[in-house]
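# Structural features, examined
Chain residues, written in single-letter form:
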Number of protein chains: 2
Amino acid sequence: MDNRPIGFLDSGVGGLTVVRELLRQLPHEEVVYIGDSARAPYGPRPAEQIEAYTWELVNFLLTKNVKMIVIACNTATAVVWEAIKEKLTIPILGVILPGSSAAIKSTKTGKIGVIGTPMTIKSDIYRQKIEMLSPDMSVTSLSCPKFAPIVESNEIRSSVAKKIVYETLSPLKGKVDTLVLGCTHYPLLSPIIQNVMGPEVKLIDSGAETVRDISVLLNYFQINRSRDVANHHQFFTTAGVASFKAIAQEWLGTDISVSHVDLEKSEENHV
Amino acid sequence: MDNRPIGFLDSGVGGLTVVRELLRQLPHEEVVYIGDSARAPYGPRPAEQIEAYTWELVNFLLTKNVKMIVIACNTATAVVWEAIKEKLTIPILGVILPGSSAAIKSTKTGKIGVIGTPMTIKSDIYRQKIEMLSPDMSVTSLSCPKFAPIVESNEIRSSVAKKIVYETLSPLKGKVDTLVLGCTHYPLLSPIIQNVMGPEVKLIDSGAETVRDISVLLNYFQINRSRDVANHHQFFTTAGVASFKAIAQEWLGTDISVSHVDLEKSEENHV
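Because the structure is predicted, anything quoted here is derived from the model rather than measured.

Turning next to the overall build of chain A. The number of helices and strands found in chain A is 12 helices and 10 strands. Whereas a compact globule of 271 residues would reach a radius of gyration of roughly 18 Å, chain A reaches 18 Å, a difference of no more than 12%. In terms of overall dimensions, chain A has a C-alpha envelope of 50 × 40 × 35 Å along the principal axes. The burial tally for chain A puts 60% of its 271 residues in the buried class. Pairs at least 24 apart in sequence give 74% of the contacts found in chain A among residues at least 6 apart. Distance from the positive charge centre (27 side chains) to the negative charge centre (29 side chains) of chain A: 5 Å.

Once that is clear, we can look at the UniProt feature "active site" (unreviewed entry) in chain A. Residue and element names in this part refer to chain A. On the UniProt side, "active site" (unreviewed entry) is annotated at positions that read C73 and C183 here. Sequence-wise these annotated residues cover 111 residues; spatially they are packed, their C-alpha atoms never more than 6.5 Å apart. Ignoring anything within four residues of it in the chain, the contact list for C73 reads L9, D10, S11, Y42, V95 and T184. Here C183 is to be found in the loop between β7 (178-181) and α9 (190-197). Setting aside residues up to four positions removed in sequence, C183 forms contacts with N74, I115, T117 and A148.

It is worth spelling out the environment of S206(B) at this point. All names here are of chain B. Considering the arrangement of structural elements, one finds S206 in helix α10 (residues 206-220). S206 gets classed as buried once you look at its relative accessible area, which sits at 0%. For the pair S206 and E86, spaced 120 residues apart in sequence, the C-alpha to C-alpha distance is 23 Å. Discounting residues that sit within four places of it in the chain, S206 has contacts with N74, V95, Y126, L181 and T184.

What follows is about a positive patch on the surface. Where like charges cluster on the molecular surface, the positive patch consists of K108(A), K202(A), K108(B) and K202(B). Along the chain, the position of K108(B) falls in the loop between α4 (96-106) and β5 (111-116). Classification of K108(B) by relative accessible area gives exposed; the value is 78%.

Residue and element names in this part refer to chain A. With 97% of its residues at a pLDDT of 70 or more, chain A shows a mean pLDDT of 91. In the model of chain A, helix α12 (residues 263-270) stands out as the element of lowest mean pLDDT, 57, in contrast to strand β2 (residues 31-35), which has the highest, 98. Below a pLDDT of 50 lies the segment residues 267-271, which in the model reaches two contacts outside its immediate sequence neighbourhood of four places, other chains included.

Of the transformation superimposing chain B on chain A, the axial component is 0.0 Å and the angular component is 180°, with the fit at an RMSD of 0.0 Å. Taken together, these values place the two copies in the relation of a two-fold axis. Both copies present the same face, since 100% of the interface residues in chain B are matched by interface residues at the equivalent positions in chain A.

The next point concerns the pairing of strand β1 (residues 6-10) of chain B. Residue and element names in this part refer to chain B. Among the five residues in β1, five count as buried, and that is most of the element. Residues of β1 alternate between two faces, with I6, F8 and D10 on one and G7 and L9 on the opposite face, all of them buried. Pairing geometry for β1 and strand β2 (residues 31-35), over five bridges, is parallel. Of the residues in β2, the one forming a bridge with L9 is I34. For the handedness criterion, the β-α-β arrangement of β1, helix α1 (residues 16-25) and β2 is classed as right-handed. Alignment of β1 against strand β3 (residues 68-71), held across four bridges, turns out to be parallel.

Turning our attention to the pairing of strand β3 (residues 68-71) of chain A. All names here are of chain A. Of the two faces of β3, the one holding M68 and V70 and the one holding I69 and I71 are both buried throughout. Relative to strand β4 (residues 92-93), β3 runs parallel, the two sharing two bridges. The partner of V70 across the bridge, within β4, is L93. Handedness of the crossover joining β3 and β4 through helix α3 (residues 74-87): right-handed.

In this section: the sheet that holds strand β1 (residues 6-10) of chain A. Taken together, the six strands give an open sheet; going across it, the order is β4-β3-β1-β2-β9-β10 (chain A), and neighbouring strands pair in parallel fashion. Pairing within the sheet leaves two strands with one partner each, and these edge strands are β4 and β10 (258-260) of chain A.

Taken together, the 33 residues of chain B in the interface contact 33 residues of chain A. In total, chain B and chain A occlude about 3100 Å² of area from one another, counting both sides; carbon and sulfur atoms represent 52% of this. When the area that chain B buries against chain A is broken down by residue, the three leading residues are K105(B), R212(B) and Y220(B), summing to 24%. Applying the counting criterion to the chain B and chain A interface returns six salt bridges. In this structure, E209(A) and K105(B) form a salt bridge, with 3.0 Å as the shortest nitrogen-oxygen distance. Linking chain B to chain A there are 20 residue pairs in polar contact (both at pLDDT 80 or more).

Looking now at the packing of aromatic side chains. Within this structure, the stated rule accounts for 15 aromatic pairs over all chains. An angle of 70° between the planes, with centres 5.6 Å apart, marks the rings of F221(A) and Y220(B) as edge-to-face. On the criterion of chain membership, the pair formed by F221(A) in the loop between α10 (206-220) and β9 (234-237) and Y220(B) in helix α10 is interchain, its members lying in two chains. For F221(A), a relative accessible area of 32% corresponds to the partly exposed category. For the ring pair Y33(B) and F244(B), a centre distance of 5.9 Å and an interplane angle of 50° mean the geometry is tilted. Taken together, the positions of Y33(B) in strand β2 and F244(B) in helix α11 (residues 241-252) put the pair 211 residues apart, joining distant regions of the chain. Of the residues examined, Y33(B) reaches a relative accessible area of 0% and is grouped as buried.

This next bit is on helix α9 (residues 190-197) of chain B. Residues and elements named next belong to chain B. Among the residues making up α9, those that are buried are I192, I193, V196 and M197. Projection of α9 onto a plane perpendicular to its axis shows the buried side chains occupying an angular sector of 125°, all on one side. For α9, the exposed residues set more than 90 degrees away from the buried face come down to P191 and N195. Buried residues belonging to α9 abut β5, α8 (159-169), β7 (178-181) and β8 (202-205).

On to unusual backbone geometry. The step from A40(A) to P41(A) runs through a cis peptide bond, and the omega angle for that step is -5°. For P41(A), the position within the fold is in the loop between β2 and α2 (47-62). Look at N65(A): it is not a glycine, yet its phi comes out positive at around 60°. One can find N65(A) in the loop between α2 and β3. Positive phi, close to 60°, is recorded for D124(B), a residue that is not glycine. Mapped onto the fold, D124(B) is located in the loop between α5 (118-123) and α6 (125-133). By relative accessible area, which is 26% here, D124(B) ends up partly exposed.

Conventions and cut-offs
- Here the residue numbering is sequential within each chain, running from 1 through the sequence in written order.
- Lettering of chains starts at A and numbering of ligands starts at 1, both following the order in which they are written.
- Local features in a predicted model are, by the rule used here, given only for residues with pLDDT of at least 70; side-chain atom pairs are given and counted only at 80 or more, and totals for whole chains, interfaces and linings are based on all residues.
- Each side-chain value is worked out from all heavy atoms of the structure, with water and hydrogens disregarded.
- Each helix corresponds to a stretch of at least 4 residues labelled H or I by DSSP, and each strand to a stretch of at least 2 residues labelled E; elements are numbered beginning at the N terminus.
- C-alpha atoms define the radius of gyration, and 2.2 Å times the number of residues to the power 0.38 defines the globule rule.
- Relative accessibility decides the category of a residue: with a 1.4 Å probe and only protein chains considered, values under 20% of the type maximum give buried, values over 50% give exposed, and everything between is partly exposed.
- In what follows, a contact means two residues having at least one pair of non-hydrogen atoms within 4.5 Å.
- Positive charges come from Lys and Arg, negative ones from Asp and Glu, while His and the chain ends are left out of the count.
- Charged side chains are reduced to one point each, which is NZ for Lys, CZ for Arg, CG for Asp and CD for Glu.
- UniProt positions are given in the numbering used here, feature names are shortened, and annotations may be inferred rather than shown by experiment.
- Patches here are clusters of residues that have more than 30% relative accessible area and form no salt bridge, with a 9 Å joining cutoff for like charges and a 5 Å cutoff for nonpolar side chains (Val, Leu, Ile, Met, Phe, Trp, Tyr).
- Working definition of accessibility: Shrake-Rupley area with a 1.4 Å probe, residue cover restricted to the visible protein chains.
- Just to be clear on terms, a salt bridge is a Lys or Arg side-chain nitrogen sitting within 4 Å of an Asp or Glu carboxyl oxygen.
- Per residue, pLDDT captures the predictor's confidence, and it can take any value from 0 to 100.
- What sets the superposition is a least-squares fit of C-alpha atoms, and only residues with pLDDT of at least 70 in both copies go into it.
- Strand pairing is defined by DSSP finding a minimum of two bridges between the two strands.
- When the strands point away from the viewer and the path from the first strand over the helix to the second turns clockwise, the crossover is right-handed.
- Buried area: the sum, over both parts, of the accessible surface (1.4 Å probe) that disappears when the two are put together.
- Counted as a polar contact is a pair of N or O atoms within 3.5 Å, where, for protein atoms, one must be capable of donating a hydrogen and the other of accepting one, and residues adjacent in sequence contribute only when both atoms are in side chains.
- Ring pairs are drawn from Phe, Tyr and Trp, using the six-membered ring of Trp, whenever the two centres fall within 6.5 Å, and their geometry is named by plane angle: stacked under 30 degrees, edge-to-face over 60, tilted for the rest.
- Of all possible arcs, the one meant is that of the directions from the helix axis to the C-beta atoms.

Below, the structure is given as structure tokens:
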């Protein structure tokens, strides 16, 4: 047993799709979440900047006494997960290996599509991980630079969103039987994505899959939280509270408390 | 990297459903398998006997220099997984937590069915694990004493098999949206089971799910096997080679080498 919270970080609100699955699959666990919406999206930024920003988020979570950190952002996982994992003693999970393993488990034809931010797709990390695990798989990757901004601005039900998703995904139609949503923002668009790709294509939600991995490690290390301890989730954003809270409450379906955090001041407070 | 094989044990041939998924999802890894068909099924045996037999299989696998052991048998996992995990330094995986987590991830109504051997169902371990992880789930368990013997005797396509599956599962029909095949023998009967339960019920194959857990731990501990090293799987049975080989080759779809092993002599050789 370990009653400390699990820390989640993301460039913005996308990681909430992982939290939603955590609350559903592992409702005893407690969440501390930080979204760097003030600097989202990370996708188009240079690797050095993504690395520096992600470390700031990790250091913030460490001040909250977390037992595990989930990098609930594909871009940050692609750039800096391995370096962070080497430096810390608590378990650090990214979202790329869970999505890769789940895609391999799901596919029947071996033809897997991956969609993500420009940085994630440029890193080629999904192809590398999938082929490392199972070399006979054929991976087709597609950069979707407009998807995360649609979600961050809460326009997921707009006709513009439908048009962008339809146009962007058309090169993948009929080419894959499994599609990895390689950005934690994308499950918010999954009804549109499923509609474009067709019902026979299995969408891999890296959030749901990452929670399976969280569960494996909690069980393995026997650090599940006690059922008898109430949990008080905490959400932090580097941008405005109102917009984050609106998206988060709609997505999580529950009332939550959100605080603004200034990472530089936060570090001053705690270092 | 760690190029040592992964050890699998089962009361008989049921654990081959886990191996089949391993060969598909993680084709670089190498397998050492031991099936105790001479003493199968374990389900009706007393717990002390199951514990003693399982330790014999574990000790045999340890002589093969394995990097991880998978108890690919629900009955043995229910009775002795925790005790084995405490004693060994290499990772030990059972098949019950993977199936439980996957069922929680899959269900939409929260109504989960579990079928297994008399011992697994009597142990009530699936209900305990599922409710420990997610207390709002409702678990209905059903003992299927005749299923594993049908598989061990390779009668899975007989009309008797269909009749038995139909009659046994009728109390669960329409009551659950997710059904855990809580015995590694049962995926061999999954076409019949799916037919009886209906297409809308999601069957959870503990083999496929356990391989997802294997993959998580291999990645976490960075003990994947190198792609550049050829693998030579080894299969052992405590009963006759011919019958084991016939079932294994049909199920795995590949030519394999099977050896008979006498566990008492084997222990004399290695202790």
